[in-house]
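Geometric and topological summary
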Amino acid sequence: QVQLVESRGGLVQTGGSLRLSCTASGRTFIFNVNVMAWYRQAPGKQRELVARISPSGNTNYLDSVKGRFTISRDNARTAVDLQMNSLKPEDTALYYCFSRDVRSASADGYWGPGTQVTVSS
């Protein structure tokens, strides 16, 4: 079993910044073979992938956050961070941390409970 714990989100003004962290743990969890990602879900919308980072550090971003968000991983802390700059009201959502073992044939992984980010206009 894997536990993912996100840091508290918050309320920020348009143009502001916020950093989310997610710490992963588990008795058999091996952080450096896991893809780590951040997803978000706004009210009435589907959950979407915001950013993903592979075990080797390759990253992918949702087009609307490119240039504003940066995902990074710290193997020593077994943590993945999401630095969010130039925040917009449309970034308001519940943000979820996700992990998946690259050795697994399944697309299933583990989810954190989510943390709320609200951007005021």
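Above this text is the structure in question.
Throughout what follows, the structure given in this document is the object of discussion.

Rules of the game
The numbers attached to residues start from 1 for each chain and follow its sequence in the written order. Predicted model: local features are reported for residues with pLDDT of at least 70 only, side-chain atom pairs are reported and counted for 80 or more only, and whole-chain, interface and lining totals are derived from all residues. The side-chain numbers reported here are obtained from all heavy atoms of the structure, hydrogens and water having been left aside. Disulfides are defined as cysteine sulfur pairs within 2.5 Å. Secondary structure is summarised from DSSP: a helix means a run of H or I of at least four residues, a strand means a run of E of at least two, and numbering begins at the N terminus for each. A 1.4 Å probe rolled over the protein chains alone gives each residue an accessible area, and that area as a share of the maximum for its type sets the label: buried under 20%, exposed over 50%, partly exposed in between. DSSP calls a pair of strands paired once it identifies at least 2 bridges connecting them. As used here, the term nonpolar core means buried Ala, Val, Leu, Ile, Met, Phe, Trp, Tyr and Cys residues forming a set that is joined through side-chain atoms within 4.5 Å.

A word on the state of the cysteines. A complete count under the given rule lists one disulfide for this structure. What pairs with C22 in a disulfide is C97, and their sulfur atoms sit 2.1 Å apart. When the S-S torsion is -85 degrees, as for the bridge of C22 with C97, the disulfide is left-handed. Highlighted residues: C22 in strand β3 (residues 18–25) and C97 in strand β9 (residues 93–101), separated in sequence by 75 residues.

What follows deals with the pairing of strand β7 (residues 69–74). Only one face of β7 is covered, namely the face carrying F69, I71 and R73; the face carrying T70, S72 and D74 is uncovered. As defined by bridge partners, β7 adjoins strand β8 (residues 79–84) across six bridges and the pair is classed as antiparallel. Opposite D74, over in β8, you have A79 as the bridge partner. Counting the residues in the hairpin turn of β7 and β8 gives four residues, including T78, whose phi is positive at 50 degrees.

Counting residues in each nonpolar core, the largest one holds 27 residues, and the members touching the most others are W38, L82, M84 and Y95. Listing elements by their share of this core, those giving two or more residues are β3, β4 (34–41), β5 (48–53), β7, β8, β9 and β11 (115–120).

Another aspect to go through is unusual backbone geometry. For residues other than glycine, phi is negative in most cases, and the peptide bonds are mostly trans. With a phi close to 50 degrees, T78 is a non-glycine residue in the positive phi region. The residue T78 is located in the loop between β7 and β8 in this model.

Quick look at the environment of R27 now. With respect to the helices, strands and loops of the structure, R27 is situated in the loop between β3 and β4. You can call R27 exposed: its relative accessible area is 81%. For the pair formed by R27 and Q1, sequence separation is 26 residues and the distance between their alpha carbons is 7.1 Å.

Such coordinate-based values are descriptive only and should not be taken to indicate function.
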